[in-house]
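Single-letter residue listing:
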Amino acid sequence: QVQLVESGGGLVQAGGSLRLSCAASGRTFSSYAMGWFRQAPGKEREFVATINWSGGSTYYADSVKGRFTISRDNAKNTVYLQMNSLKPEDTAVYYCATSPYSDIVSSPRLFDYWGQGTQVTVSS
């Protein structure tokens, strides 16, 4: 059974930083791509960032490029999302997901397991 557990969300002022973590179990973590998505109230879930199996390739949504960094530690079965220069429009529930593919993918349809999410709230 694959399990993904996110942590690190919270309340932060605009311009601040947060680091999200996602601990994975039940799958050979180092073989598969991972991704972060978010969903704001009343909006559809949207892609944020993705990283390939080795961590050597990443891809970001335009809205977070230059502010967010995705990384992974395969020895710890954990993927991270460092979020800097946060804006109120970054407020959302953030989800990590694992894909059965090893290369980077961004469509939510290409991810097969999801975490429960962690709330990020950015105040103005």
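Right above here is the structure, for reference.
Cut-off values and rules
Numbering of residues starts from 1 in every chain and runs along the sequence as written. Only residues with pLDDT of 70 or above have their local features reported here, since the model is predicted, and side-chain atom pairs are shown and tallied only from 80 upward, although totals for entire chains, interfaces and linings are computed over all residues. Calculated side-chain values reflect all of the structure's heavy atoms, with hydrogen atoms and water omitted. Here, two cysteine sulfur atoms that lie within 2.5 Å of each other are counted as a disulfide. Per the convention used, a helix needs a DSSP run of H or I reaching at least four residues, while a strand needs a run of E reaching at least two, with both numbered from the N terminus. Only protein chains enter the accessibility calculation, which uses a 1.4 Å probe. A residue is then buried if its area is under 20% of the maximum for its type, exposed if over 50%, and partly exposed in between. For two strands to be treated as a pair, DSSP must find no fewer than two bridges joining them. The definition of a nonpolar core used throughout is a set of buried Ala, Val, Leu, Ile, Met, Phe, Trp, Tyr and Cys residues joined through side-chain atoms within 4.5 Å. We place a 1 Å grid over just the protein atoms. Points where a 1.4 Å probe fits but has no way out form a cavity, open points with protein on both sides within 12 Å along at least 5 of 7 lines form a pocket, and any residue with an atom within 4 Å of a point lines it. Grid points are joined across faces, edges and corners, and a volume is the space filled by probe spheres set on the points. Under this grouping Gly is polar, as are all residues other than the nonpolar Ala, Val, Leu, Ile, Met, Phe, Trp, Tyr, Cys and Pro and the charged Asp, Glu, Lys and Arg.

Chemist: Would you explain the state of the cysteines in this entry?
Modeler: Structurally, a disulfide amounts to a covalent bond that connects the sulfur atoms of two cysteines. Across all of its chains, the model carries one disulfide by this definition. Residue Cys-22 pairs covalently with Cys-96 via a disulfide, S to S 1.9 Å. Its S-S torsion of approximately 40 degrees makes the covalent link between Cys-22 and Cys-96 right-handed. One end of the pair, Cys-22, is in strand S3 (residues 18-25); the other, Cys-96, is in strand S9 (residues 92-98), and 74 residues separate them in sequence. Here Cys-22 matches Cys-96 in class, with each residue buried.

Chemist: Got a minute to help me understand the pairing of strand S8 (residues 78-83) in this structure?
Modeler: By the criterion of burial, S8 is predominantly enclosed, with five of the six residues buried. Alignment of S3 against S8, held across six bridges, turns out to be antiparallel. Looking at S8, one finds that Arg-19 is bridged to Gln-82. Note that strand S7 (residues 68-73) and S8 share six bridges and pair antiparallel. Counterpart to Ser-71 in the pairing with S8 is Tyr-80. In sequence, S7 turns back onto S8 through a hairpin of four residues, with Asn-77 there showing a positive phi of about 55 degrees.

Chemist: Would you mind going over the nonpolar core with me for this structure?
Modeler: Among the nonpolar cores identified, the biggest contains 31 residues, and Trp-36, Leu-81, Met-83 and Tyr-94 are the most heavily contacted of them. Every element with two or more residues in this core is listed here: S3, strand S4 (34-39), strand S5 (46-51), S7, S8, S9 and strand S11 (118-123).

Chemist: I'm lost on the layout of surface pockets in this one. Help?
Modeler: Taking a probe equal in size to a water molecule and rolling it over the atoms shows the remaining empty space. When its volume is computed, the largest pocket comes out at roughly 160 Å³. Along the walls of the largest pocket sit 13 residues, with Arg-38, Lys-43, Glu-46, Glu-89 and Asp-90 positioned nearest its centre. Here the lining of the largest pocket is built from residues that sort into two nonpolar, three polar and eight charged.

Chemist: Before we go on, may I ask you to explain empty space enclosed by the protein in this structure?
Modeler: As enumerated under the stated definition, the model contains one cavity of 30 Å³ or more in all. Of the voids in this model, the largest cavity is the one considered here, and its volume is about 30 Å³. For the largest cavity, the full set of lining residues is Val-2, Ala-24, Arg-27, Phe-29, Met-34 and Thr-98. Class assignment of the residues belonging to the lining of the largest cavity gives a composition of four nonpolar, one polar and one charged.

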